[in-house]
Number of protein chains: 2
Amino acid sequence: MPEPFPSDSVGLVTPARQHFDQPLELVSGRVLESYDLVYETYGELNAARSNGILICHALSGDHHAAGYHSPEDRKPGWWDTAIGPGKPIDTNRFFVVSVNNLGGCKGSTGPNTPNPATGQFYGPDFPIVTVKDWVNSQQRLAEALGIDRWAAVIGGSLGGMQALQWAIDHPDRIAHAVVIAAASKLSAQNIAFNEVARQAILTDPEFHDGRYYEQGVVPRRGLMLARMLGHITYLSDESMGAKFGRELREQKLQFGYGVEFQVESYLRYQGESFVERFDANTYLLMTRALDYFDPAADYGNDLPTALRRASCGFLVVSFTSDWRFAPERSREIVKGLLDADRNVSYAEIEATQGHDAFLMPLPKYLDVFHAYMRRVADEVGA
Amino acid sequence: MPEPFPSDSVGLVTPARQHFDQPLELVSGRVLESYDLVYETYGELNAARSNGILICHALSGDHHAAGYHSPEDRKPGWWDTAIGPGKPIDTNRFFVVSVNNLGGCKGSTGPNTPNPATGQFYGPDFPIVTVKDWVNSQQRLAEALGIDRWAAVIGGSLGGMQALQWAIDHPDRIAHAVVIAAASKLSAQNIAFNEVARQAILTDPEFHDGRYYEQGVVPRRGLMLARMLGHITYLSDESMGAKFGRELREQKLQFGYGVEFQVESYLRYQGESFVERFDANTYLLMTRALDYFDPAADYGNDLPTALRRASCGFLVVSFTSDWRFAPERSREIVKGLLDADRNVSYAEIEATQGHDAFLMPLPKYLDVFHAYMRRVADEVGA
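Chain A is annotated in an unreviewed UniProt entry as Homoserine O-succinyltransferase from Thioalbus denitrificans. The annotation that UniProt attaches to chain A under Pathway (unreviewed entry) is "Amino-acid biosynthesis; L-methionine biosynthesis via de novo pathway; O-succinyl-L-homoserine from L-homoserine: step 1/1." Word for word, the UniProt comment on chain A under Sequence similarities (unreviewed entry) is "Belongs to the AB hydrolase superfamily. MetX family."

Trainee: I'm lost on the overall build of chain A in this one. Help?
Mentor: Summing up its helical and strand segments, chain A has 11 helices and 12 strands in all. Here chain A has a C-alpha radius of gyration of 21 Å; the compact-globule value for 382 residues is 21 Å, and the two agree. Projected onto the principal axes, the alpha-carbon positions of chain A cover approximately 65 × 60 × 50 Å. Per-residue burial over chain A gives 62% buried out of 382 residues. Within chain A, contacts between residues at least 6 apart in sequence are counted, and of these 71% link residues at least 24 apart. Accessible area for chain A stands at about 14300 Å²; split by element, carbon and sulfur atoms hold 47% of it. Considering chain A, the positive charge centre built from 35 side chains and the negative charge centre built from 48 side chains are found 2 Å apart.

Trainee: Can you help me understand the pattern of salt bridges in this one?
Mentor: When their charged atoms lie close together, side chains carrying opposite charge are able to pair. Applying the stated criterion to the full structure yields 42 salt bridges over all chains. The closest approach of N and O atoms between Lys132 of chain A and Asp169 of chain A, which form a salt bridge, is 3.1 Å. Here Lys132 of chain A, found in helix H1 (residues 131–145), pairs with Asp169 of chain A, found in helix H2 (residues 158–169); they are 37 residues apart in sequence, far enough to count as distant. The salt bridge partner of Arg221 of chain B is Asp204 of chain B, with a shortest N-O separation of 3.5 Å. Note that Arg221 of chain B is positioned in helix H5 (residues 220–234) and Asp204 of chain B in the loop between helix H3 (188–202) and helix H4 (212–215), a separation of 17 residues in sequence. Given a relative accessible area of 25%, Arg221 of chain B falls into the partly exposed group. For Asp204 of chain B, a relative accessible area of 5% gives the class buried. The structure contains a network of salt bridges with shared partners spanning Glu195, Arg198, Arg288 and Asp291 of chain A together with Glu264 and Arg268 of chain B.

Trainee: Looking at this structure, I do not really get helix H11 (residues 363–380) of chain B. What am I missing?
Mentor: Side chains three or four residues apart in an α-helix point the same way, a direct result of the helix having 3.6 residues per turn. Residues and elements named next belong to chain B. For H11, built from 18 residues, the straight-helix expectation of 26 Å at 1.5 Å per residue is met to within 8% by its first-to-last C-alpha distance of 25 Å. Turning to H11, its buried residues are Tyr365, Leu366, Phe369, His370, Tyr372, Met373, Val376, Ala377 and Val380. Packed against the buried residues of H11 are strand S5 (52–56), strand S7 (89–90), strand S9 (152–156), strand S10 (176–180), strand S11 (313–319) and strand S12 (344–349). Gly381 lies just past H11 and shows a positive phi near 70 degrees.

Trainee: Whenever I open this one, the packing of helix H7 (residues 262–277) of chain A against H3 of chain B confuses me. Can you help?
Mentor: If you want to describe how two helices pack, look at the angle between their axes and the distance between the axes. Two elements in contact, H7 of chain A and H3 of chain B, have axes separated by 9 Å at closest approach and are oriented at 50 degrees. Classified by the interaxial angle, the pair formed by H7 of chain A and H3 of chain B is oblique. Our pair here, H7 of chain A against H3 of chain B, has a crossing hand that is right-handed. Taken together, the residues of H3 of chain B that come into contact with H7 of chain A (itself represented by Val263, Glu264, Leu267 and Arg268 of chain A) are Ala188, Ile191, Ala192, Glu195, Val196, Arg198 and Gln199 of chain B. The class makeup of the residues in the contact of H7 of chain A with H3 of chain B is 6 nonpolar, 1 polar and 4 charged.

Trainee: Could you clarify how one ought to interpret the interface of chain A and chain B in this entry?
Mentor: It is common to give the size of an interface as the accessible area that goes away when the parts come together. The interface is formed by 54 residues belonging to chain A together with 54 residues belonging to chain B. Of the roughly 4600 Å² buried where chain A meets chain B, counting both sides, 69% is carbon and sulfur surface. The three residues of chain A that bury the most area against chain B are Arg246, Phe255 and Tyr257 of chain A, which together make up 18% of that side's buried surface. Taken together, chain A and chain B are joined by 8 salt bridges. Arg246 of chain A is the partner of Asp294 of chain B in a salt bridge, and the nearest nitrogen-oxygen pair spans 3.6 Å. Here chain A and chain B share 24 residue pairs in polar contact (both at pLDDT 80 or more) between them. Counting only elements with at least two residues in the side of chain A that touches chain B, the list comes to helix H3 (188–202), helix H5 (220–234), helix H6 (237–243), H7 and helix H8 (280–292) of chain A. Counting residues per element, the side of chain A that touches chain B draws most heavily on H3 of chain A, which supplies 11 residues.

Trainee: Sorry if this is basic, but what is going on with the sheet that holds strand S4 (residues 35–42) of chain A here?
Mentor: Hydrogen bonds between backbone atoms are what pair the strands of a sheet, whose relative direction is either parallel or antiparallel. Residue and element names in this part refer to chain A. As summarised here, the arrangement of the 8 strands in space is S1-S4-S8-S5-S9-S10-S11-S12, forming an open sheet in which the pairing is mixed. Of all the strands in the sheet, the pair left with one neighbour each is strand S1 (16–20) and strand S12 (344–349). Taking each pair of neighbouring strands and ignoring which way they run, the sheet shows an average axis angle of 20 degrees. Sheet analysis places S4 next to strand S8 (residues 95–99), joined by 4 bridges and oriented antiparallel. Residue Tyr39 lies in a different strand from S8, and its bridge partner there is Val99. The sheet contacts of H2 involve strand S5 (52–56), strand S9 (152–156), strand S10 (176–180) and strand S11 (313–319), and relative to S9 the element is tilted by about 150 degrees.

Trainee: Quick question: what am I supposed to make of the UniProt feature "active site" (unreviewed entry) in chain A here?
Mentor: Residue and element names in this part refer to chain A. Feature annotation in UniProt places "active site" (unreviewed entry) on Ser157, Asp322 and His355, given in this structure's numbering. The greatest C-alpha distance among the residues just named is 10.7 Å, despite their covering 199 residues of sequence, which places them together in space. Here Ser157 is to be found in the loop between S9 and H2. In this view, Ser157 contacts Ala58, Ile180, Ala181, Ala182, Phe325, His355 and Phe358; residues no more than four positions away in its chain are not counted. Residue placement: His355 occurs in the loop between S12 and helix H11 (363–380). Those residues in contact with His355 that sit more than four places away from it in its chain are Ser157, Ala181, Thr233, Tyr234, Asp322, Arg324 and Phe325. Engagement of the side chain of His355 in a polar contact is seen with the side chain of Asp322, the distance being 2.8 Å.

Criteria and cut-off values
- Residues numbered from 1 in each chain as written.
- Chains lettered and ligands numbered in written order.
- Predicted model: local features only at pLDDT ≥ 70, side-chain atom pairs only at ≥ 80, totals over all residues.
- Heavy atoms only, no water.
- UniProt positions renumbered as here; feature names shortened; annotations may be inferred.
- Helix = DSSP H or I, 4+ residues; strand = E, 2+ residues; numbered from the N terminus.
- Rg over C-alpha atoms; globule rule 2.2 N^0.38 Å.
- Buried < 20%, exposed > 50% of the residue type's maximum accessible area, 1.4 Å probe, protein only.
- Contact = heavy atoms within 4.5 Å.
- Areas by Shrake-Rupley, 256 points an atom, 1.4 Å probe, with all protein chains shown as cover.
- Lys, Arg positive; Asp, Glu negative; His and termini not counted.
- Charge placed at Lys NZ, Arg CZ, Asp CG, Glu CD.
- Salt bridge = Lys/Arg side-chain N within 4 Å of Asp/Glu carboxyl O.
- Expected span 1.5 Å × (residues − 1).
- Axes fitted to C-alpha atoms, helices over the stretch in contact; angles between N-to-C directions.
- Parallel < 35°, antiparallel > 145°, perpendicular 65-115°, else oblique.
- Left-handed = near helix turned anticlockwise from the far one by under 90°.
- Nonpolar A, V, L, I, M, F, W, Y, C, P; charged D, E, K, R; others polar.
- Buried area = accessible area lost by both parts, 1.4 Å probe.
- Polar contact = N/O pair within 3.5 Å; in protein donor to acceptor, adjacent residues only side chain to side chain.
- Pairing = 2+ DSSP bridges.

What follows is the structure in structure tokens.
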């Protein structure tokens, strides 16, 4: 049987599961008595245990960041572009850990898993978790894996926020933070978009106050709308224009509310397919974690003061056409790091793809990323 | 009893109604056998009938552009800032006509009025009308009022598109077109936002295929979501930041999906109050008219060719922080007019308020507008 995977792929991967019995105190004041984290690893941990890389996922991501779950998979993990042999996160040198966050819907404990106290799905009883809580749970996983210090914690968007929080909360346990297409906190407009998405889900009659699992339904309409809206904010006006323009699906106008323009067809498809693979309660929870993220709030609302807690090196990357987390937002982080006298590299990448650019195979972006990661590998003896 | 209205207000106004029996052929191929238009007028038509101004409204607007319907009204009409004695559209000089468009929901024939053929509400049987159709129906109203030629046709946003279409379709009947915060066609991103709003309404279980009037319900949730989303696109990131920032409603986080941030409270209020005053079928129809607007399409997709049909003077205005119809979109119109050798004044106004700026009392904007309208008044002998 011929090798079915590209030579720069990590190939076939299998998720692992770690159970934690030590209660986790959450920022909200609530406590998770026990929980599971599902994760994947790529590459080998070296003898010095110094080459560990933690990948943090964004709103709709999960632990499956690279490789394939079966030879039949049509697509690899969500960041296969950046993770693999010879890629920026080079699995020939690094041991890469990618975890499904608490509250996620792909195996880690969350709303769609059973609450051990009741035997029913958690649903709305699952506590709202924050970026800080995720980082603490990820630190427990690092302990379980015997990794005292990550060579780097890396993420884009909400993932980049986790990398930033890691640097602040566990300065001794992280050598580098790679913060891509992120922000140090959401703007009122960002929160507003999240709120519309949440209201779409919360007001869907099939949401049933979050207990839809027991009813055998899902709030399809709400989740579909949330995803359609999200997609608009992930793309740039320019990239949507280049991809779809005003192209019609039929040769002439139909004068109705069916699909007239190709962009409508694309959005509906994105919305409908998302419903098949994602959980509405998790979507609510992830958007709240985004809203709440504001590491400076614990330090007198002064970002440099928060960042002075960190001691790692930083790579910050932004994309010119990203309007969800625009370059200005990355520059705020960079400025905060410079004011805190921290070591930061910054790249603002010319890209037309909007926020989604962080997932794309853009040579300039991957070159910068790769160069930085080579330095990291050399430094930690990977 | 003291005079309850400000001295620069048109004061108490009463809507008028005009019935039309001559069938109106629509761009879609369908025919409206008869219809009513509701409108208001401010100021006096001069003897030469040369001082008529037509105001065209935007997506959620109506005929009540200035003044008050009763002494108890808390707010005047939607463009009272610009219309009144001594204001840019000076009712001491001009006779101003403001019409509720066909398909609207404030008295003109539309989905929420009875279909004479059935005696039931039109609902989804009301034909989809286009900007071109509106202009033709407005021309019928001009005839009924004895106005052969408007001194100016004026509008912002979708209203500006009507002014542009007037200039192209009825060059002999319009001396000036004032096109504010508009675009010569929607981008894929604009259409995408409209599509999310439409899907919110169409998938609301209380939409009942548009026949909700008979059911005694309205698609509240859908219309609320559409309006919340619309509001985000009317404001700028900057103005939302200045207005709300990350301000909390309570002193500390609640860790739930109720209102945490002030911006959420604002959006929910905007969404809920819109449901009380607007019709979902009309919202669908207005967004489609926006999507379809593309006057160049009839002229080989060449905007200058379309604009060469026009012979009026043009004032085009845009606002720096408007991202719904950004200054670039107004510059496309200006460039098209220059390529067509037409007479155009253009002002790009520094403003933080986003698309909503066109409704605001911004001195620089009103000065430019007023100066242009003084020239119009002098020219037409108003």
